[in-house]
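Structural characterization, general
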Amino acid sequence: MSGTITLESVTKHFPGGVVAVNDLSLEVQPGEFLVLVGPSGCGKTTALRMVAGLEEVTSGQIRINDRIVTRLPPRDRDIAMVFQNYALYAHMTVRNNMAFGLKMARMPKQEIRSRVDEAAAMLGLDDLLNRKPRQLSGGQRQRVAMGRAIVREPAAFLMDEPLSNLDAKLRVEMRGEIIRVQRRIAAPTLYVTHDQTEAMTMGDRVAILRDGLLQQLGTPDEVYDRPVNAFVAGFIGSPSMNLVPATLERAGDGLAVAFAGARIPLPAEALSGRPDLAGQAGRPLTVGLRPEDFGRPGGAEVEVEVTRLESLGSELVAYLTPAGTQDGPLLTARLDRGETLVQGETARVTVDARRLYFFDAETGAALGSGGTPG
Amino acid sequence: MITTPGMRVAKIVAIVLIVVWSVGPIVLGVTTSISTQREVNSIPSHWVPRNPTLQAYRDLLNGSTGQTTGGTVTRGGDFVHAMTNSAEIALGAAALTLIVSTMAAYALGRLRFRLSGAVLALLIGTLVIPIFVIVIGLFQVMANAQLIDTKRGLILVFVATQSPLATWLLYAQVREMPHEPEEAALIDGCRRWQAFVRVVVPQMSSGIAAVAAIIVLSVWGEFLIPLLLTSTMSAKPVTVLITEYVGKYTTNYPILAAAGVLALIPPAVLALVLNKRITGMLAGSS
Ligand SMILES: Nc1ncnc2c1ncn2[C@@H]1O[C@H](COP(=O)(O)OP(=O)(O)O)[C@@H](O)[C@H]1O
Ligand SMILES: [Mg+2]
């Protein structure tokens, strides 16, 4: 039941000069659910298709279960893939869709039947086995696609945005379902999505890809708490982290960060893990503030103008401009619904200064070891 | 759009004209076929026969000497034989064309290979060549291959003339078809040809049916090529046979009309059954 998916310096050039995947190395551990996430066009699908054997690699090596499969056709890789649009066989019943791979493998009829029945039971498809795909809802098709993948008991699973065609409620439901099934099968899974929420909620680990380049690979907590650069910081978390040009200034013994008219002294805790931050004093950099770090008791106060308020019922999302700036940056803050802000007026909100992030203004690389986990 | 009464009238007139234009000859054919020769020639002529009769059909199917039928000689069995020839040729050509064209369309639409664009352009280019430009060369080739007056020969020629259009129509369908199901098949253990046979072809079935109908209809109606390449009943299709019912001096119009009516039935049935699919295919939205 154990297996790994290994990519080693995998690169893909498309004709016309597009480098869709650039020197990508990662390993999906036995039983692990690894999510490859990034904005549209960053090369996720291409990476997955190379693992499946549907796209040739330009260079690099792919191994499944330590077996080199780089040049093997898809059928010899012992993988199963779930496609974004499900890719069901339209002319076959649900049962035959699921049985197709087993028939190709010349498995005995009896065994095929029992495996399909078992998978159908696991996915709640028992009553739909004789239907054709066009007689199914989106969610049901999704399940059939999952069923077709799991009956084969492959060495590895590949999934390309399998939930993106479902409505929001069903998507949340299916997230849990996919995880439940994957835990049971315990095969290494490489899961692609552009949705960071999906990545954070489903992944054992998350790999963030940008323009074909791997940015960071880590657990959801790691990439949230210690993003290696401003891109990851902005991509992970919802609403996105505020990234604001700022300078570090000396303030007595310590440091303060100044941006857009605001000046926040940094407490010792903010500096303790980052000895090299002091060396950045006087230089321009980018400061990162998570929307959820506003409005915490004990934080530094900043005077802001309330540009817009959105109530989500359970919480309040406020768009703020630091007071006294005309074209200052728009800051997003996630606040308790109890917060008394009025649109168009100035207010003082607190920012948890211990949880600021700092990035090089030019390269975007995290300065120090990133924000300390609270 | 605002419809003025004038436009309404114009529209109705246009529809009536189109219907008369296309249905008129058929109605005329049917009424003529159940008339007698004398009635057809009577002056003043009348449209609806006073004493409808199936004599023309009997003469057509059982044979007539020309003595009683005014110049038109028919041999019993010939007409049915020609109908079967037509059917065999049309169905044979359709089957072979589809095998060739489906594979060609898939290869051109899916597989990346050098000159695939050029091959497609060349194929479509042949559509604009009028048939009479090549008939002489065609006759020589067929004669050398000893395929004159054979159904095989006609089938081969029609595969050649029909496959460009068929390939083009199916190519368009391949381009519209999602890649993923056949990729899923490759992952599920298929080789490329297995994925083609088990997943791609079934996916294209509606297009294939429509193209089959288009080929059968157009081959059924072919006249010039079989006229040139057949001489005896062994391969002569119904379109060619019918012209022989035109007598040298006089013609028995009811027999000619009966032949026309019967020859029309198979394609008419096919067109009615597959009407939706054919129009869909030709409109590019199969
Ligand atoms: N077959 C192809 N030919 C040329 N370029 C391609 C092809 N497939 C993808 N690309 C390009 O490669 C990049 C990555 O695409 P893709 O892997 O589909 O991204 P993602 O799945 O992350 O949205 C994009 O710039 C895309 O335009
Ligand atoms: Mg994609």
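Residues numbered from 1 in each chain as written. Chains lettered and ligands numbered in written order. Predicted model: local features only at pLDDT ≥ 70, side-chain atom pairs only at ≥ 80, totals over all residues. Heavy atoms only, no water.

Moving on to the sheet that holds strand β13 (residues 262–265) of chain A. Residues and elements named next belong to chain A. Pairing is antiparallel across the open sheet formed by five strands, whose spatial order is β13-β12-β11-β14-β19. Each edge of the open sheet is held by one strand with a lone partner, namely β13 and β19 (357–360). Neighbour to neighbour, the strand axes of the sheet diverge by 40° on average, direction disregarded. Sheet topology places strand β11 (residues 242–251) next to strand β12 (residues 254–259); five bridges connect them, and they run antiparallel. Its bridge partner lying in β12, Leu248 is registered against Val257. (Pairing = 2+ DSSP bridges. Helix = DSSP H or I, 4+ residues; strand = E, 2+ residues; numbered from the N terminus. Axes fitted to C-alpha atoms, helices over the stretch in contact; angles between N-to-C directions.)

Take the site of ligand 1 next. All names here are of chain A. Around ligand 1, the structure places Phe14, Val18, Ala20, Pro39, Ser40, Gly41, Cys42, Gly43, Lys44, Thr45 and Thr46. One of the backbone nitrogen or oxygen atoms of Gly43 is found 3.0 Å away from an oxygen atom of ligand 1. A distance of 2.5 Å is found between an oxygen atom of ligand 1 and a side-chain nitrogen or oxygen belonging to Thr46. For the shell around ligand 1, the secondary-structure elements that each account for two or more residues are β2 (18–28) and α1 (44–52). When residues of the shell around ligand 1 are assigned to their parent elements, the largest contribution, three residues, is made by α1. For the shell around ligand 1, the residue count by class is five nonpolar, five polar and one charged. (Near = heavy atom within 4 Å. Polar contact = N/O pair within 3.5 Å; in protein donor to acceptor, adjacent residues only side chain to side chain. Nonpolar A, V, L, I, M, F, W, Y, C, P; charged D, E, K, R; others polar.)

Averaged over all residues, the pLDDT of chain A is 91; the fraction at 70 or higher stands at 98%. The low-confidence segment residues 370–374 of chain A (pLDDT under 50) makes twelve contacts with residues lying over four places distant or belonging to another chain. (pLDDT = per-residue confidence, 0-100. Contact = heavy atoms within 4.5 Å.)

With that settled, the discussion passes to the packing of helix α4 (residues 78–110) of chain B against helix α10 (residues 205–220) of chain B. Residue and element names in this part refer to chain B. Relative to each other, α4 and α10 sit at 140°, their axes nearing to 9 Å. The angle between the axes of α4 and α10 places the two elements in the oblique class. Where α4 crosses over α10, the two elements pack in a sense that is right-handed. Here Met83, Ser86, Ala87, Ile89, Ala90, Leu91, Ala93, Ala94, Thr97, Leu98 and Thr102 of α4 lie close against α10, whose contacting residues are Ile208, Val211, Ala212, Ile215, Val216, Val219 and Trp220. (Parallel < 35°, antiparallel > 145°, perpendicular 65-115°, else oblique. Left-handed = near helix turned anticlockwise from the far one by under 90°.)

Moving on, we get to the interface of chain B and chain A. The interface of chain B with chain A comprises 15 residues on the first partner and 20 residues on the second. Put simply, chain B and chain A have two salt bridges between them. In this structure, Glu183 of chain B and Arg49 of chain A form a salt bridge, with 2.8 Å as the shortest nitrogen-oxygen distance. Here chain B and chain A share nine residue pairs in polar contact (both at pLDDT 80 or more) between them. Listing elements by their share of the side of chain B that touches chain A, those giving two or more residues are α8 (180–187) and α9 (192–203) of chain B. (Salt bridge = Lys/Arg side-chain N within 4 Å of Asp/Glu carboxyl O.)

Residues and elements named next belong to chain A. Following the criterion strictly, the structure yields four aromatic pairs over all chains and no others. Consider the rings of Phe33 and Tyr191, whose centres lie 5.2 Å apart with planes at 40°: the pair is tilted. Taken together, the residues Phe33 in strand β3 (residues 33–37) and Tyr191 in strand β8 (residues 189–193) connect sequence positions 158 residues apart. Exposure remark for Tyr191: the relative accessible area of 0% places this residue in the buried category. Stacked on the ring of Tyr224, the Lys or Arg Arg290 has its end atom at 4.0 Å from the ring centre. (Phe/Tyr/Trp six-rings, centres within 6.5 Å; stacked < 30°, edge-to-face > 60°. Buried < 20%, exposed > 50% of the residue type's maximum accessible area, 1.4 Å probe, protein only. Lys NZ or Arg CZ within 6 Å of the ring centre and 35° of its normal.)

Moving on to empty space enclosed by the protein. According to the stated counting rule, one finds two cavities of 30 Å³ or more in the structure shown. Of the pockets and cavities examined, the largest cavity occupies roughly 60 Å³. Residue lining of the largest cavity: Ser86, Ile89, Ala90, Leu154, Phe158, Val219, Trp220, Glu222, Pro226, Pro237 and Thr239 of chain B, and that is the complete set. Taken together, the elements giving at least two residues each to the lining of the largest cavity come down to α4, α7 (151–176) and α10 of chain B. Residue composition of the lining of the largest cavity, by class: eight nonpolar, two polar and one charged. Around the second largest cavity sit Ala80, Met81, Phe83, Arg148, Ala149 and Arg152 of chain A together with Ala184, Ile187 and Asp188 of chain B, which together line it. For the lining of the second largest cavity, the secondary-structure elements that each account for two or more residues are β6 (79–82) and α4 (138–151) of chain A together with α8 of chain B. Each residue belonging to the lining of the second largest cavity can be placed in one class, and the counts come to six nonpolar, no polar and three charged. (1 Å grid on protein atoms, 1.4 Å probe; cavity = no way out; pocket = protein on both sides within 12 Å on 5 of 7 lines; lining within 4 Å. Points joined across faces, edges and corners; volume = space filled by probe spheres on them.)

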